[in-house]
Amino acid sequence: ASYCIATYRCYDEKADFHKKATGIAVGLTVGSWTDLPEARKAEMEKHLGRVVSVDVHEPAAGESLGERYADIRIAYPDVNFSRDIPALLVTVFGKLSMDGRIKLTDLTFSPSFLDAFPGPRFGLQGVRDLLGVQDRPLLMSIFKSVIGHDLPALREQFYQQALGGVDLIKDDEILFENPLTPIERRVEVCMEAAEQAGRETGQKLLYAANLTGPTFGLVEQARRAIGAGANALLFNVLAYGFDALAELSRHPDVNVPIMAHPALAGAFYPSAYHGISANVLLGKLMRLAGADLVLFPSPYGSVVMPLEENMAIKDALLTTEASGYVTGGRAADQLSLRTSFPVPSAGIHPGLVPWILRDFGHDVVVNAGGGVHGHPMGAAAGGRAFRQAIDGCLSGIPLRTYAETHPELQAAIQAWGIKE
Ligand SMILES: CCCC(=O)/C(O)=C/OP(=O)(O)O
Ligand SMILES: [Mg+2]
């Protein structure tokens with residue numbers, strides 16, 4: 001038999017957590033068990049959820065009873081659900097997500113469930129290969145103030161970002177189809193600007209145009225964007241659902257990297273008592289659904305996510321070890337999925353680059369909107385300041401010292417400082 005495993009953290013002041021675990025395993029699968037006739041049990045056995053483990057945490061002396069919890073792992077038979085993310089999520093955390101203080105903290109996929117997902121089409125290495133950049137973190141900038149701007153204005157904003165030596169430029173996630181800058185026209189003018197800047201910087205550049213509009217029209221919209229020259233797409237996954245991402249990433253006509261934006265994630269991951277952990281929401285499920293790059297709030301920007309959760313997302317996006325629940329002698333194998341680029345974001349400025357490289361290493365995209373456009377010497381200088389910060393870190397020279405011979409970085413440090 002083959003199972004997917006859900007891990008929950010369940011808070012309750014007095015529950016018998018073992019009984020509760022059995023109630024979940026039976027209630028979310030066969031419904032009832034002990035009162036079934038033996039003959040019926042034999043038929044239903046293959047559909048029965050299993051309690052894998054219950055680790056109870058009794059509050060320490062002086063700690064509130066409200067902090068009494070158990071980590072419960074339940075195995076759900078693959079035979080109960082179809083090979084798609086909605087089916088798995090509704091099975092393991094549909095009704096249960098509304099039943100008290102309980103959070104989904106991990107998901108391990110069976111080999112047969114994983115086999116239904118090609119995962120990222122490009123992944124981290126594919127994005128590097130498209131750009132021809134193998135030996136350093138990538139740098140991305142974000143349009144800022146996009147709504148209400150016409151094509152010439154967007155083109156100029158794009159060109160200035162590109163001159164700064166960024167590897168990728170993304171739309172802001174709040175830019176939707178509009179009469180001033182429809183996606184085909186926006187892509188055309190920005191790709192022209194990319195070429196013009198490329199003649200000066202010598203760099204390739206990916207432009208992630210925001211893929212938006214009605215769900216059933218997304219593939220056609222992607223075809224239009226790619227036909228106009230789009231070489232990457234931004235997608236607000238949580239507003240559409242993981243299955244929309246999975247359908248796009250596996251569609252033969254959507255043959256460009258897809259960048260997952262975390263918009264709405266704050267409705268799921270922050271609470272200790274409810275929702276879905278960030279490593280599942282913005283890690284495993286984004287990668288499984290085929291995101292080539294995944295944005296999430298960094299540990300030190302303007303929208304902060306704890307470092308521990310950042311590291312858990314990074315591990316979920318980059319791990320290639322066979323891991324998880326052994327079913328039928330085979331561990332659930334993450335090896336078949338390409339890795340996805342981690343993109344810690346929001347409020348990032350050059351003074352944070354040493355921390356980003358310390359925590360994420362080189363397989364990271366340094367991503368900034370305000371930290372580029374808000375540079376005292378303009379957006380192109382903003383990009384150059386980040387490139388100088390990255391180069392300084394890679395050379396092992398302290399940023400303040402490196403800035404002495406790099407004016408754009410010096411100006412950025414004067415504007416935003418260096419996180420100590
Ligand atoms: C976590 C998403 C970050 C994002 O969408 C965005 O626009 C960031 O902009 P800055 O905070 O770098 O200005
Ligand atoms: Mg944004």
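## Re the packing of helix H11 (residues 278-288) against helix H12 (residues 307-318)
In contact at an axis separation of 8 Å, H11 and H12 are set at 15° when each is read in the N-to-C sense. Comparing their axes, H12 and H11 come out roughly parallel. Crossing handedness for the pair H11 and H12: right-handed. Of the residues in H12, those in contact with Ala278, Asn279, Leu282, Gly283, Lys284 and Arg287 of H11 are Glu309, Ala312, Ile313, Ala316, Leu317 and Leu318.

## Focus: H11
Of all 11 residues making up H11, 11 are buried, and the element is well covered by its neighbours. Burial in H11 covers these residues: Ala278, Asn279, Val280, Leu281, Leu282, Gly283, Lys284, Leu285, Met286, Arg287 and Leu288. Gly290 lies just past H11 and shows a positive phi near 105°.

## Focus: the sheet that holds strand E9 (residues 258-261)
Taken together, the eight strands give an open sheet; going across it, the order is E13-E10-E9-E8-E7-E6-E5-E14, and neighbouring strands pair in parallel fashion. The open sheet is flanked by strand E13 (341-345) and strand E14 (365-368), the only strands paired with a single partner. For this sheet, the mean inter-axis angle between neighbouring strands, taken without regard to orientation, is 25°. With three bridges joining them, strand E6 (residues 168-170) and strand E7 (residues 206-210) adopt parallel strand pairing. Across the sheet, residue Ile169 finds its bridge partner in E7, namely Tyr207. Across the sheet, helix H15 (residues 379-395) touches strand E5 (138-142) and E14, and the angle it forms with E5 is around 155°.

## A word on a nonpolar patch on the surface
Together, Ile147, Ile174 and Phe176 make up an exposed nonpolar region whose accessible area comes to about 290 Å². Its place among the elements puts Phe176 in the loop between E6 and helix H7 (183-201).

## Details of the side chain of Gln221
One can find Gln221 in helix H8 (residues 218-227). A polar contact is formed between the side chain of Gln221 and the side chain of Glu177, at a distance of 3.4 Å. Setting aside residues up to four positions removed in sequence, Gln221 forms contacts with Glu177, Ile183, Leu211 and Thr212.

## Some thoughts on the pairing of strand E4 (residues 102-108)
Most of E4 sits out of view: five of its seven residues are buried. Here six bridges tie strand E1 (residues 3-11) to E4, and the two strands are oriented antiparallel to one another. Its bridge partner being in E4, Tyr8 is matched across the sheet by Leu104.

## Considering the sheet that holds E1
Taken in spatial order, the four strands of this open sheet run E2-E3-E1-E4, and their pairing is antiparallel. Edge strands, defined here as strands with exactly one partner in the open sheet, are strand E2 (50-57) and E4. Between one strand and the next, the sheet's axes are offset by a mean angle of 20°, whatever the strand orientation. For E2 and strand E3 (residues 69-77), the ladder comprises seven bridges, and the chain directions are antiparallel. Paired with Val51 across the strands is Ile74, a residue of E3. Against the sheet, helix H1 (residues 17-27) touches E1, E2, E3 and E4, its axis set at about 150° to E2. Those strands touched by helix H3 (residues 85-93) are E1, E3 and E4, and its axis lies near 135° from that of E4.

What counts, and where the lines are drawn
Residues numbered from 1 in each chain as written. Chains lettered and ligands numbered in written order. Predicted model: local features only at pLDDT ≥ 70, side-chain atom pairs only at ≥ 80, totals over all residues. Heavy atoms only, no water. Axes fitted to C-alpha atoms, helices over the stretch in contact; angles between N-to-C directions. Helix = DSSP H or I, 4+ residues; strand = E, 2+ residues; numbered from the N terminus. Parallel < 35°, antiparallel > 145°, perpendicular 65-115°, else oblique. Left-handed = near helix turned anticlockwise from the far one by under 90°. Contact = heavy atoms within 4.5 Å. Buried < 20%, exposed > 50% of the residue type's maximum accessible area, 1.4 Å probe, protein only. Pairing = 2+ DSSP bridges. Patch = residues over 30% accessible without salt bridge, like charges linked within 9 Å, V, L, I, M, F, W, Y side chains within 5 Å. Areas by Shrake-Rupley, 256 points an atom, 1.4 Å probe, with all protein chains shown as cover. Salt bridge = Lys/Arg side-chain N within 4 Å of Asp/Glu carboxyl O. Polar contact = N/O pair within 3.5 Å; in protein donor to acceptor, adjacent residues only side chain to side chain.

Fair warning: the whole summary comes from geometry, so function is off the table for now.
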